[in-house]
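So the chains spell out like this:
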Amino acid sequence: GQHVAVGGMRASTNVLRAKESCGVLASGCVVASTRLTFRTRSSRIFWLVQLSYESWEPTGGADGATHVERLVDGFAAPLLQRWRKLDVNHSLSVVLFARVSGGGIERHRDVYRVVLENEAASKAEPATLVSALKREL
(Lines give C-alpha, C1' and ligand atoms only; values in the text may rest on other atoms or scores of the structure.)
Protein backbone atom coordinates (compact mmCIF):
# COMPACT_ATOMS: atom_id res chain seq x y z
CA GLY A 1 0.00 0.00 0.00
CA GLN A 2 0.86 3.65 -0.15
CA HIS A 3 2.85 5.16 2.74
CA VAL A 4 2.04 8.63 4.12
CA ALA A 5 3.19 10.80 7.03
CA VAL A 6 0.60 13.07 8.65
CA GLY A 7 1.18 15.10 11.82
CA GLY A 8 4.23 13.06 12.79
CA MET A 9 2.39 9.77 12.37
CA ARG A 10 3.41 7.23 9.75
CA ALA A 11 0.61 5.33 8.08
CA SER A 12 0.15 2.97 5.18
CA THR A 13 -2.88 1.76 3.32
CA ASN A 14 -3.49 -1.96 3.31
CA VAL A 15 -7.11 -2.27 2.21
CA LEU A 16 -9.57 0.07 0.53
CA ARG A 17 -13.26 -0.75 0.89
CA ALA A 18 -16.51 0.91 -0.11
CA LYS A 19 -19.52 0.85 2.20
CA GLU A 20 -21.91 -0.21 -0.54
CA SER A 21 -19.93 -3.13 -1.93
CA CYS A 22 -18.09 -4.25 1.25
CA GLY A 23 -15.48 -5.71 -1.08
CA VAL A 24 -11.85 -4.74 -1.58
CA LEU A 25 -11.32 -2.00 -4.18
CA ALA A 26 -8.32 -1.50 -6.46
CA SER A 27 -8.45 2.33 -6.25
CA GLY A 28 -10.49 5.19 -4.86
CA CYS A 29 -10.65 8.90 -4.10
CA VAL A 30 -10.42 10.34 -0.57
CA VAL A 31 -12.84 13.23 -0.01
CA ALA A 32 -14.00 15.20 3.05
CA SER A 33 -16.71 12.64 3.87
CA THR A 34 -14.35 9.63 3.64
CA ARG A 35 -14.24 7.62 6.85
CA LEU A 36 -10.87 6.15 7.75
CA THR A 37 -10.24 3.18 10.02
CA PHE A 38 -6.86 3.02 11.74
CA ARG A 39 -5.42 -0.17 13.14
CA THR A 40 -2.23 -0.18 15.12
CA ARG A 41 0.62 -2.37 13.98
CA SER A 42 2.56 -1.86 17.19
CA SER A 43 0.96 -2.70 20.54
CA ARG A 44 2.16 -3.89 23.90
CA ILE A 45 0.05 -6.92 24.77
CA PHE A 46 -0.23 -8.86 28.04
CA TRP A 47 -1.80 -12.29 28.23
CA LEU A 48 -2.75 -13.16 31.79
CA VAL A 49 -3.47 -16.89 31.83
CA GLN A 50 -5.18 -18.28 34.91
CA LEU A 51 -4.36 -21.93 35.54
CA SER A 52 -6.42 -24.34 37.61
CA TYR A 53 -6.86 -28.07 38.01
CA GLU A 54 -9.37 -28.04 35.16
CA SER A 55 -6.77 -26.60 32.76
CA TRP A 56 -5.36 -30.10 32.23
CA GLU A 57 -8.72 -31.82 31.79
CA PRO A 58 -10.21 -32.61 28.35
CA THR A 59 -12.49 -29.91 26.97
CA GLY A 60 -15.09 -32.41 25.83
CA GLY A 61 -14.36 -31.90 22.13
CA ALA A 62 -13.98 -34.75 19.66
CA ASP A 63 -10.16 -34.43 19.66
CA GLY A 64 -9.82 -34.88 23.44
CA ALA A 65 -7.59 -31.81 23.77
CA THR A 66 -7.11 -30.19 27.16
CA HIS A 67 -7.81 -26.52 27.83
CA VAL A 68 -4.05 -25.85 27.88
CA GLU A 69 -3.62 -27.54 24.47
CA ARG A 70 -6.47 -25.48 23.06
CA LEU A 71 -4.85 -22.31 24.41
CA VAL A 72 -1.47 -23.08 22.86
CA ASP A 73 -2.36 -24.90 19.63
CA GLY A 74 -5.80 -23.45 18.93
CA PHE A 75 -5.28 -19.82 19.95
CA ALA A 76 -1.66 -18.77 20.49
CA ALA A 77 -0.01 -20.56 17.55
CA PRO A 78 -2.49 -19.38 14.87
CA LEU A 79 -2.50 -15.82 16.24
CA LEU A 80 1.30 -15.57 16.32
CA GLN A 81 1.47 -16.90 12.75
CA ARG A 82 -1.09 -14.32 11.67
CA TRP A 83 0.87 -11.50 13.31
CA ARG A 84 3.98 -12.66 11.48
CA LYS A 85 2.12 -12.73 8.16
CA LEU A 86 0.72 -9.22 8.77
CA ASP A 87 4.21 -7.96 9.72
CA VAL A 88 3.00 -6.18 12.87
CA ASN A 89 5.33 -5.07 15.67
CA HIS A 90 3.46 -6.23 18.76
CA SER A 91 5.36 -6.73 22.01
CA LEU A 92 3.98 -9.75 23.88
CA SER A 93 4.23 -10.65 27.56
CA VAL A 94 2.65 -13.82 28.95
CA VAL A 95 2.05 -14.34 32.68
CA LEU A 96 0.71 -17.60 34.11
CA PHE A 97 -0.99 -17.36 37.50
CA ALA A 98 -2.85 -19.64 39.88
CA ARG A 99 -4.20 -19.90 43.41
CA VAL A 100 -2.66 -22.76 45.37
CA SER A 101 -4.47 -24.23 48.38
CA GLY A 102 -2.43 -25.18 51.41
CA GLY A 103 -4.73 -27.34 53.49
CA GLY A 104 -7.84 -25.35 54.31
CA ILE A 105 -10.18 -22.82 52.80
CA GLU A 106 -8.43 -20.01 54.65
CA ARG A 107 -4.94 -21.16 53.63
CA HIS A 108 -4.01 -20.31 50.07
CA ARG A 109 -1.46 -18.33 48.16
CA ASP A 110 -1.31 -16.81 44.72
CA VAL A 111 1.62 -17.69 42.47
CA TYR A 112 2.67 -16.39 39.09
CA ARG A 113 5.36 -16.96 36.50
CA VAL A 114 6.39 -14.67 33.66
CA VAL A 115 6.78 -16.91 30.60
CA LEU A 116 7.48 -14.26 27.95
CA GLU A 117 8.39 -10.65 28.56
CA ASN A 118 8.27 -7.99 25.84
CA GLU A 119 8.93 -10.49 23.05
CA ALA A 120 8.75 -9.01 19.56
CA ALA A 121 5.96 -11.38 18.56
CA SER A 122 6.11 -10.71 14.82
CA LYS A 123 9.90 -10.87 14.59
CA ALA A 124 10.40 -14.07 16.58
CA GLU A 125 9.63 -17.41 15.02
CA PRO A 126 6.09 -18.40 16.13
CA ALA A 127 7.28 -21.95 16.83
CA THR A 128 9.87 -20.59 19.29
CA LEU A 129 7.25 -18.66 21.27
CA VAL A 130 4.84 -21.62 21.22
CA SER A 131 7.65 -23.89 22.47
CA ALA A 132 8.32 -21.50 25.35
CA LEU A 133 4.63 -21.62 26.31
CA LYS A 134 4.48 -25.41 26.11
CA ARG A 135 7.67 -25.78 28.15
CA GLU A 136 6.25 -23.67 30.99
CA LEU A 137 2.84 -25.33 30.93
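Everything discussed here concerns the structure shown above.
In what follows, the accompanying structure is described. Keep in mind the model is a prediction, meaning the values are calculated, not measured.

A closer look at the packing of helix 1 (residues 67-86) against helix 2 (residues 126-136)
At step 1: Between helix 1 and helix 2, whose axes approach to 9 Å, the crossing angle comes to 155 degrees. Comparing their axes, helix 2 and helix 1 come out roughly antiparallel. Seen along the crossing, helix 1 lies across helix 2 with a hand that is right-handed. Contacts between helix 1 and helix 2 involve Val72, Asp73, Ala76, Ala77, Leu80, Gln81 and Arg84 from the former and Pro126, Leu129, Val130, Leu133 and Lys134 from the latter.
At step 2: The residue inventory of the contact of helix 1 with helix 2, partitioned by class, reads 8 nonpolar, 1 polar and 3 charged.

So, the environment of Val94
At step 1: Within the fold, Val94 resides in strand 4 (residues 91-101).
At step 2: Judged by its relative accessible area of 0%, Val94 is buried.
At step 3: On a C-alpha basis, the gap between Val94 and Asp73 in space is 15 Å, while along the polypeptide they are 21 residues apart.
At step 4: Those residues in contact with Val94 that sit more than four places away from it in its chain are Trp47, Val49, Arg113, Val114, Val115, Leu116 and Leu133.

Parameters at a glance
Residues numbered from 1 in each chain as written. Predicted model: local features only at pLDDT ≥ 70, side-chain atom pairs only at ≥ 80, totals over all residues. Heavy atoms only, no water. Axes fitted to C-alpha atoms, helices over the stretch in contact; angles between N-to-C directions. Helix = DSSP H or I, 4+ residues; strand = E, 2+ residues; numbered from the N terminus. Parallel < 35°, antiparallel > 145°, perpendicular 65-115°, else oblique. Left-handed = near helix turned anticlockwise from the far one by under 90°. Contact = heavy atoms within 4.5 Å. Nonpolar A, V, L, I, M, F, W, Y, C, P; charged D, E, K, R; others polar. Buried < 20%, exposed > 50% of the residue type's maximum accessible area, 1.4 Å probe, protein only.

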